[in-house]
Amino acid sequence: MGKKKTALARPPRRMTKKERSRWQRERRIQRNLLIILAAVGLIAIGVLIYGIVAEMNYPNQVIARVNGEEVRLRDYWTARRLELISQWQQVQWQFNLYQTLGITLTEQQLEQFRQDTRNALLSLAQVRREPVDEVTLQKLFQDRVILQGARELGIEVAAEEVDAWIVPDQSA
């Protein structure tokens, strides 16, 4: 068997006016569609970048000033977390004390302990979403004023002194 002869390609025929008009309209529609998709994509990317930047800067938002010193939202969150942990530990300590002393609790008292523990832990998990607690904010202001006063008086505390205060020497 011999080789098959390939058919010679015919030169493309010229488009009629109607075909050319339709082809141009379809190209224009495709071009417009691509422009719209590109614009939507750029807007989506812009919104995403704005959201990321805003989320990164949100903790650095200044919520107050104490004698010229900025109090940032992240400082408040830290103080609020410490306060909630302290509340939770206090509830646990009180419950353990009752058990150690052999005090029998009523079902209502047990439920109150459970509720207090649950509330403290839920608040701890949602510190960033909750509105600013005025009591915590006032305590934070007081702490800042005390620290500023200590700096003005030249009072400094070494890390070793803090460690010794937190964990007292048991050998004495």
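In what follows, the accompanying structure is described. Each chain has its residues counted from 1, following the order in which its sequence is written. Given that this is a predicted model, residues contribute local features only at a pLDDT of at least 70 and side-chain atom pairs are listed and counted only at 80 or more, while totals for whole chains, interfaces and linings are drawn from all residues. Side-chain metrics rest on all non-hydrogen atoms present in the structure, leaving aside hydrogens and water.

**Brief notes about the overall build of the chain**
Here's step 1: Going along the chain from the N terminus, every DSSP run of H or I of four or more residues is numbered as a helix, and every run of E of two or more is numbered as a strand. Summing up its helical and strand segments, the chain has five helices and two strands in all.
Here's step 2: For the chain, the succession of helices and strands along the chain, N to C, is α-β-β-α-α-α-α.
Here's step 3: Overall, the C-alpha framework of the chain stretches about 110 × 50 × 40 Å when taken along its three principal axes.
Here's step 4: The contact criterion used is simple: two residues touch if any of their non-hydrogen atoms lie within 4.5 Å. In the chain, the share of contacts with a sequence separation of at least 24, taken over all contacts with a separation of at least 6, comes to 60%.

**Let's talk about the nonpolar core**
Here's step 1: As used here, the term nonpolar core means buried Ala, Val, Leu, Ile, Met, Phe, Trp, Tyr and Cys residues forming a set that is joined through side-chain atoms within 4.5 Å. Categorising residues by exposure relies on relative accessible area from a 1.4 Å probe, with only protein chains included: less than 20% of the type maximum marks a residue as buried, more than 50% marks it as exposed, and the intermediate range marks it as partly exposed. Core analysis: the largest hydrophobic core is formed by twelve residues, namely Ala64, Val66, Val71, Leu73, Tyr76, Trp77, Ala79, Leu84, Val127, Leu137, Leu140 and Phe141.
Here's step 2: Mapped onto this core, the elements with two or more residues apiece are strand S1 (62-66), helix H2 (73-100) and helix H4 (134-153).
Here's step 3: The element best represented in this core is H2, accounting for five residues.
Here's step 4: The contacts of Trp77, once residues within four sequence positions are left out, are Tyr58, Pro59, Val127 and Arg128.

**Details of the pairing of strand S2 (residues 69-72)**
Here's step 1: As paired elements, S1 and S2 share four bridges and run antiparallel to each other. Residue pairing across strands places Val66 opposite Glu69, the latter belonging to S2.
Here's step 2: The rule for pairing is simple: two strands pair if DSSP sees at least two bridges between them. From the end of S1 to the start of S2, which pair antiparallel, there are two residues, and Asn67 there has a positive phi angle of about 50°.

**Comments concerning the side chain of Arg144**
Here's step 1: Mapping Arg144 onto the fold places it in helix H4.
Here's step 2: What makes Arg144 buried here is its relative accessible area of 12%.
Here's step 3: Excluding residues within four positions of it along the chain, Arg144 makes contact with Val66, Glu69, Glu70, Val71 and Asp75.

**Some thoughts on the layout of surface pockets**
Here's step 1: Taken as a whole, the largest pocket spans an internal volume of roughly 170 Å³.
Here's step 2: Buriedness for pockets is judged along seven lines, at least five of which must meet protein on both sides within 12 Å for an open set on the 1 Å grid over protein atoms alone, while cavities are sets there where a 1.4 Å probe fits but cannot get out, and lining residues have an atom within 4 Å of a point. Around the largest pocket, the lining residues are Asp75, Ala79, Leu82, Glu83, Thr136, Lys139, Leu140 and Asp143. Grid points are joined across faces, edges and corners, and a volume is the space filled by probe spheres set on the points.

**Quick look at the packing of H2 against helix H3 (residues 107-125)**
Here's step 1: One can describe the packing of H2 onto H3 by two numbers: an axis separation of 9 Å at closest approach and a directional angle of 160°. Here H2 lies roughly antiparallel to H3, going by the angle between them. Relative to H3, the crossing made by H2 is left-handed. In this structure, H2 contributes Arg81, Leu84, Ile85, Trp88, Val91, Gln92, Gln94, Phe95 and Tyr98 to the contact, and H3 contributes Leu110, Phe113, Asp116, Thr117, Ala120, Leu121, Ser123 and Leu124.
Here's step 2: In terms of residue class, the contact of H2 with H3 is built from eleven nonpolar, four polar and two charged. All axes are obtained by fitting lines to C-alpha atoms, using only the stretch in contact for helices, and the reported angles, taken between N-to-C directions, cover 0 to 180 degrees. Note that the term roughly parallel is reserved for angles under 35 degrees, roughly antiparallel for angles over 145, roughly perpendicular for angles of 65 to 115, and oblique for everything else. Should the near helix be turned anticlockwise from the far one by less than a right angle, the crossing is termed left-handed; should it be turned clockwise, right-handed. All amino acids are sorted into three groups, where Ala, Val, Leu, Ile, Met, Phe, Trp, Tyr, Cys and Pro are nonpolar, Asp, Glu, Lys and Arg are charged, and the leftover types, Gly among them, are polar.

**Some points on unusual backbone geometry**
Here's step 1: The backbone of Asn67 shows a phi angle near 50°, a positive value even though the residue is not glycine.
Here's step 2: In this fold, Asn67 is placed in the loop between S1 and S2.

**A look at the packing of H2 against H4**
Here's step 1: Their axes nearest at 10 Å, the elements H2 and H4 cross at an angle of 110°. When the interaxial angle is binned, H2 and H4 end up roughly perpendicular. Between H2 and H4, the residues in contact are Asp75, Tyr76, Ala79, Arg80 and Glu83 and Thr136, Leu137, Lys139, Leu140 and Arg144, respectively.
Here's step 2: Among the residues making up the contact of H2 with H4, the classes are represented as four nonpolar, one polar and five charged.

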